[in-house]
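Coordinates in review
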Amino acid sequence: MNDRPLFDPSRRDLLAAGLGVGLCVVWRPARALSDELTGALRGFTGGAPTREGKVNFDIAPLVENGNTVPITVTVDNPMTTANHVQAIAVFNEKNPQREVIACKLTPRVGRPVVSTRIRLATTQQLVAVAKLSDGSYWTHTVDVVVTLAACIE
Amino acid sequence: MARTLIHAPTTARKGEVLEIRTLIAHPMETGYRAGADGRTLPRDIIRRFSCRYNGEVVFSADLYPAISANPYLAFNVVADASGSLTFTWEGDNGFAQTESATITVS
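Here, residues in each chain are numbered from 1, in the same order as that chain's written sequence. Labels follow written order: the first chain is A, the first ligand is 1, and so on. Under the rules for a predicted model, residues below a pLDDT of 70 receive no local features and side-chain atom pairs below 80 are neither given nor counted, while totals for whole chains, interfaces and linings still include all residues.

Here the focus is the pairing of strand 8 (residues 95-105) of chain B. All names here are of chain B. Relative to strand 8, strand 2 (residues 11-12) is paired through two bridges, and the arrangement is parallel. The partner of Ala12 across the bridge, within strand 8, is Val105. Bridge analysis of strand 7 (residues 83-91) against strand 8 gives nine bridges, and the strand direction is antiparallel. In the strand pairing of strand 8, Gly83 is matched with Ile103. For two strands to pair, DSSP has to find at least two bridges joining them. Secondary structure elements are defined from DSSP: runs of H or I of at least 4 residues count as helices, runs of E of at least 2 residues count as strands, and each element is numbered from the N terminus. Taking the residues that link successive antiparallel strands as the turn, the strand 7-strand 8 hairpin has three residues, and the phi of Asn93 there is positive, at about 55°.

Here it is in structure tokens:
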């Protein structure tokens, strides 16, 4: 009665499967923070909740040389004595140490922007956090692909 | 003494936001790399940077091994009075260096 082999996908099946796989690769669902980053964030915030937004973490999505990667963290917030950014920190997922930089800002900085150059050991996720004077924490998470890693020579 | 490069305006109008760029020559040895003999090289990094404006700290940063060699830092400062900007780097093996720049605010 049914003489089809066990696995005999039709052309239509194959096309549908291919489309499905492609979608999974291209459309990655909302990035959940990795455990490493969640832990590092908790150490910085002391357990206070963090929200996505306000922070802009500017870094090249494809890094050719992990030894010096320029980064800029900008926070969309005024710098008045009543309402200002108190701290900006950056954490990574897969370097030997989670911390990258932690800056303390005062209203006399005028504009909450910090630039530096960092090392990246491998392709990974990074997060920038800003602490505002009202005690809230804001984050921006980015994924970075590194082709030549730091710390190999 | 390590070589430093400081980019700060010498004159400014009161209330203007100035961009300050600093760079210091330092290997920032991470403490995770192996040397030629296969043994791990001891850590030698700059751990702390601070910028004072007429004696008051306006910006400071804790640096970790993930900061590249020859640490570069750029930030802003509001010009509110004539005087001096003092930059201090402190790190492992007793590393400490201070540089300053003068600024005239009109």
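This part takes up the environment of Thr106 of chain A. Residue and element names in this part refer to chain A. Looking at the element boundaries, Thr106 is found in the loop between strand 6 (99-105) and strand 7 (113-118). Field definition: a residue is buried when 20 or more other C-beta atoms are found within 10 Å of its C-beta, exposed when 12 or fewer are, and partly exposed for counts in between, with C-beta atoms placed from the backbone. Judged by the 20 C-beta atoms lying within 10 Å of it, Thr106 is buried. Separated by 21 residues in the primary sequence, Thr106 and Val85 place their C-alpha atoms 7.3 Å from one another.

This part covers the interface of chain B and chain A. Placing a C-beta atom from the backbone of each residue, one calls two residues in contact when those atoms lie within 7 Å. At the junction of the two partners, chain B supplies 24 residues and chain A supplies 26 residues. When residues in the side of chain B that touches chain A are grouped by element, the largest group, seven residues, is from strand 6 (residues 72-78) of chain B. Following the grouping adopted for this structure description, the nonpolar residues are Ala, Val, Leu, Ile, Met, Phe, Trp, Tyr, Cys and Pro, the charged ones are Asp, Glu, Lys and Arg, and the polar ones are all others, Gly among them. Its residues placed into classes, the side of chain B that touches chain A shows 18 nonpolar, four polar and two charged. Bridge count between strand 7 of chain A and strand 6 of chain B: two bridges; the pairing is antiparallel. Within strand 6 of chain B, the position partnered with Ser115 of chain A by the bridge is Ala74 of chain B.

The values are spatial; any link to function lies outside them.
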